[in-house]
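Read off the chains here:
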Amino acid sequence: MSSRLNPYISFKDNARDAMDFYKSVFGGELALSTFGEYGDTGPAADNVMHAQLETPSGYTIMASDTPDGMSYEPGNNITVSLSGDDSDELRGYFEKLSEGGTVSMPLEKQMWGDEFGQLKDKFGIGWLVNIAGEQSGDAASA
């Protein structure tokens, strides 16, 4: 397996809901382990120790619930970037991710020629979506 870069997102008691939501957006296979599966018998036993979503487009998103006693600041430590040239796919992701969230920059053509948008989803995670513009010789007139 080659190296890869993917986000690992920390949540507080709602990692399962977040990962189910991301699965509904991107599709794919979600593997999930709880703290209870590894011996925790306390109130956090049903919380997610590790989750991994492998999507049909090749994206991987990992997540866990933050255990009590560890610092947690939602949305301040991660932004996830989606980019490519499949405009229908990326527009669909932007639309689904924005449901219940806040769009800070609508998905629109930008001065560099690409379409770009920015939002925070309903779990406080920042997302950047960039759809590559035409790369032909007339790019200067775009």
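Presented here is a report on the structure given in the accompanying data block.

### Notes on the overall build of the protein chain
Next up, step 1: Each helix and strand counted, the protein chain has two helices and eight strands in total.
Next up, step 2: Seen through its C-alpha atoms, the protein chain measures out along the principal axes to roughly 65 × 35 × 25 Å.
Next up, step 3: Looking at the 142 residues of the protein chain, the share that counts as buried comes to 38%.
Next up, step 4: Taking the intrachain contacts of the protein chain between residues at least 6 apart in sequence as the baseline, contacts between residues at least 24 apart amount to 53%.
Next up, step 5: Approximately 8300 Å² of the protein chain is accessible, and the part contributed by carbon and sulfur atoms is 48%.
Next up, step 6: Charge separation in the protein chain, taken as the distance between the mean sites of 9 positive and 23 negative side-chain charges, equals 1 Å.

### Things to note about the environment of Tyr22
Next up, step 1: Locating Tyr22 in the fold gives a position in helix 1 (residues 15–26).
Next up, step 2: It is 15 Å that separates the C-alpha atoms of Tyr22 and Ile78, two residues lying 56 residues apart in sequence.
Next up, step 3: Excluding residues within four positions of it along the chain, Tyr22 makes contact with Ile9, Phe11, Gly27, Leu53, Ile61, Leu97, Asp121, Phe123, Ile125 and Trp127.

### Some thoughts on the sheet that holds strand 4 (residues 60–65)
Next up, step 1: Here four strands make up an open sheet; going across it, the order is 1-4-3-2 and the pairing mixed. Taken across any chain shown, the strands that pair with only one partner, and hence form the sheet edges, are strand 1 (8–11) and strand 2 (29–34). With direction set aside, neighbouring strand axes in the sheet form an average angle of 15°.
Next up, step 2: As paired strands, strand 3 (residues 48–54) and strand 4 are joined by four bridges and run antiparallel to one another. Pairing of Ala51 across the sheet is with Ala63, part of strand 4.
Next up, step 3: Against the sheet, helix 1 contacts strand 1, strand 2, strand 3 and strand 4, and its axis sits at roughly 5° relative to strand 3.

### Let's talk about helix 2 (residues 87–98)
Next up, step 1: An ideal rise of 1.5 Å per residue puts 16 Å on twelve residues; helix 2 measures up with 16 Å between its terminal C-alpha atoms.
Next up, step 2: Taken together, the buried positions of helix 2 are Leu90, Tyr93, Phe94, Leu97 and Ser98. The arc enclosing the buried residues of helix 2, seen along the axis, measures out at 120°, which places them on a common side. Opposite the packed face of helix 2, turned more than 90 degrees from it, sit the exposed residues Asp88 and Glu95.
Next up, step 3: Buried residues along helix 2 sit in contact with helix 1, strand 5 (79–84), strand 6 (102–109), strand 7 (115–120) and strand 8 (126–131).
Next up, step 4: Taken from the residues just after helix 2, Gly100 is the one with a positive phi, measuring 80°.

### Comments concerning the sheet that holds strand 6
Next up, step 1: An order of 5-8-7-6 is seen for the four strands of this open sheet, with the pairing classed as mixed. Two strands lie at the open edges of the sheet, namely strand 5 and strand 6, each paired on one side alone. When strand polarity is set aside, the average angle formed by the axes of neighbouring strands in this sheet is 10°.
Next up, step 2: Alignment of strand 7 against strand 8, held across six bridges, turns out to be antiparallel. The residue bridging Leu119 from the neighbouring strand is Trp127, located in strand 8.
Next up, step 3: Each of strand 5, strand 6, strand 7 and strand 8 is contacted by helix 2, which is oriented at about 160° to strand 8, the strand it contacts most.

What counts, and where the lines are drawn
Residues numbered from 1 in each chain as written. Predicted model: local features only at pLDDT ≥ 70, side-chain atom pairs only at ≥ 80, totals over all residues. Heavy atoms only, no water. Helix = DSSP H or I, 4+ residues; strand = E, 2+ residues; numbered from the N terminus. Buried < 20%, exposed > 50% of the residue type's maximum accessible area, 1.4 Å probe, protein only. Contact = heavy atoms within 4.5 Å. Areas by Shrake-Rupley, 256 points an atom, 1.4 Å probe, with all protein chains shown as cover. Lys, Arg positive; Asp, Glu negative; His and termini not counted. Charge placed at Lys NZ, Arg CZ, Asp CG, Glu CD. Pairing = 2+ DSSP bridges. Axes fitted to C-alpha atoms, helices over the stretch in contact; angles between N-to-C directions. Expected span 1.5 Å × (residues − 1). Arc of directions from axis to C-beta.

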